[in-house]
Amino acid sequence: MMETTPGNEIPQNSTTTNALSPWLGLQLQKIIDGIYKKYRDIDDGAVATYIPELGKANPKDFGICLATVEGQVYTAGDWDKEFTIQSMCKPFAFQLALEQHGTEKTLKHVGVEPSGEAFNSIELDPKSGRPFNPMVNAGAIAVASLIKQSPVEAGVDAFVETMGKAAGRKLRIDQSVFASETATGHRNRAIAYLLLNAGIIDEEVPQSLHQYFAQCSMLVNCKDLAMMAATLGNIGNHPVTNERVFDFQLIKHVMAVMFSCGLYDYAGNWAFEVGLPAKSGVSGGIFGVVNRQLGISVYSPKLDAQGNSVRGILACRELASHFGLHAFDFSNVGSSFMQWLL
Ligand code: GLU
């Protein structure tokens, strides 16, 4: 399904000048439809169940969305199916911590090194005494502690409101998933108390966890995620509303950490094969940013052994190779030059 901004207009302070023509848009739509058809019957992997509520996901769901920084949106399959954002909230929360506290203070609470450990590992970087990075749970809980507010609902509301601006529509928390995570998240509680013991977070441990669990339980669909990614890629401005959502000077830090740490234990392979700053989550979503060009997202809840969506990885690999999206591709073609490919 293809949508465009009214009149196909380029927002006034858009960062690119190369909106796709309707004909090119149709070609692009055909390619996305082809990728959807190619992978929709792949049935490998398993839906995450360690958060009981996630186990209710429909394993057949498969959606793809690509949003350009000009505001054009291309979708396939279950692109409008909602799922919780889970770990895909982490880059955005890190961006907000950098904006609210500055780089120096934020980096006193969390590092930027890949950990080589599981996302939920109960450990800190032995060299620095901080969580390794904001994409693992320890780092994300440290970040949640920085951006929480008093009362705690205010911090959650502020997060959801900003994410809504990045998505271009009002978002909300899935209260059942939030309750499920709160009831069963003992490992995250263990991590939070380790952080308290190390002086990384303050005594308001339940509040930090509330912020973290609520962020993970925010509902999005593929279009929201692709738009949020395109907002990062569009120097922090939403591609359609043109609202300034993120401080563009800090986005490079967030993308750098996504690039090196965004895909669990597959991050190195992802950088090698797909080559985009990206983040995945245990709900089965993946989003990636083609800087100054595109946001891409895929949702399919069956996960591989590394915790990444099986169909998501396949679809992203194909999107990247088809459109030359790899950051270090010899031509790094992407949407600005897609016309030469089609
Ligand atoms: N809320 C999940 C947890 O903390 C997020 C995990 C993920 O998506 O990686 O376990």
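Our structure's up above, just so we're on the same page.
First, a word on scope: everything that follows refers to the structure included in this document. (Residues numbered from 1 in each chain as written. Predicted model: local features only at pLDDT ≥ 70, side-chain atom pairs only at ≥ 80, totals over all residues. Heavy atoms only, no water.)

Looking at where R311 falls in the secondary structure, it is placed in helix α11 (residues 310–323). Within the structure, R311 has its side chain in polar contact with the backbone oxygen of D61 (distance 3.1 Å). Of the polar contacts made by the side chain of R311, one reaches the side chain of S300; its length is 2.9 Å. For R311, the contacting residues outside a window of four places in its chain are Y39, R40, I42, P59, K60, D61, F62, V298 and S300. (Helix = DSSP H or I, 4+ residues; strand = E, 2+ residues; numbered from the N terminus. Polar contact = N/O pair within 3.5 Å; in protein donor to acceptor, adjacent residues only side chain to side chain. Contact = heavy atoms within 4.5 Å.)

What follows deals with the pairing of strand β4 (residues 73–77). Burial analysis of β4 places four of its five residues in the buried class, the great majority of the element. Sheet topology places strand β3 (residues 63–68) next to β4; five bridges connect them, and they run antiparallel. Counterpart to G63 in the pairing with β4 is G77. If you look at the hairpin formed by β3 and β4, you'll find four residues sitting between the two strands, and G71 has a positive phi there, around 100°. (Buried < 20%, exposed > 50% of the residue type's maximum accessible area, 1.4 Å probe, protein only. Pairing = 2+ DSSP bridges.)

A few words on the pairing of strand β10 (residues 294–299). For β10, a buried count of six out of six residues is recorded, marking the element as mostly surrounded by other parts of the structure. Sheet analysis places β3 next to β10, joined by six bridges and oriented antiparallel. For I64, the partnering residue across the bridge sits in β10 and is V298. Pairing of strand β9 (residues 285–290) with β10, which is carried by six bridges, proceeds in the antiparallel orientation.

Strands in a sheet are paired, the pairing made by backbone hydrogen bonds, and the direction either parallel or antiparallel. If you walk across this open sheet you meet the three strands as β5-β7-β6, and the pairing is antiparallel. The open sheet is flanked by β5 (83–84) and β6 (172–173), the only strands paired with a single partner. One ladder, built from two bridges, connects β6 with strand β7 (residues 218–220); its direction is antiparallel. Looking at the pairing, I173 lines up with M218 of β7.

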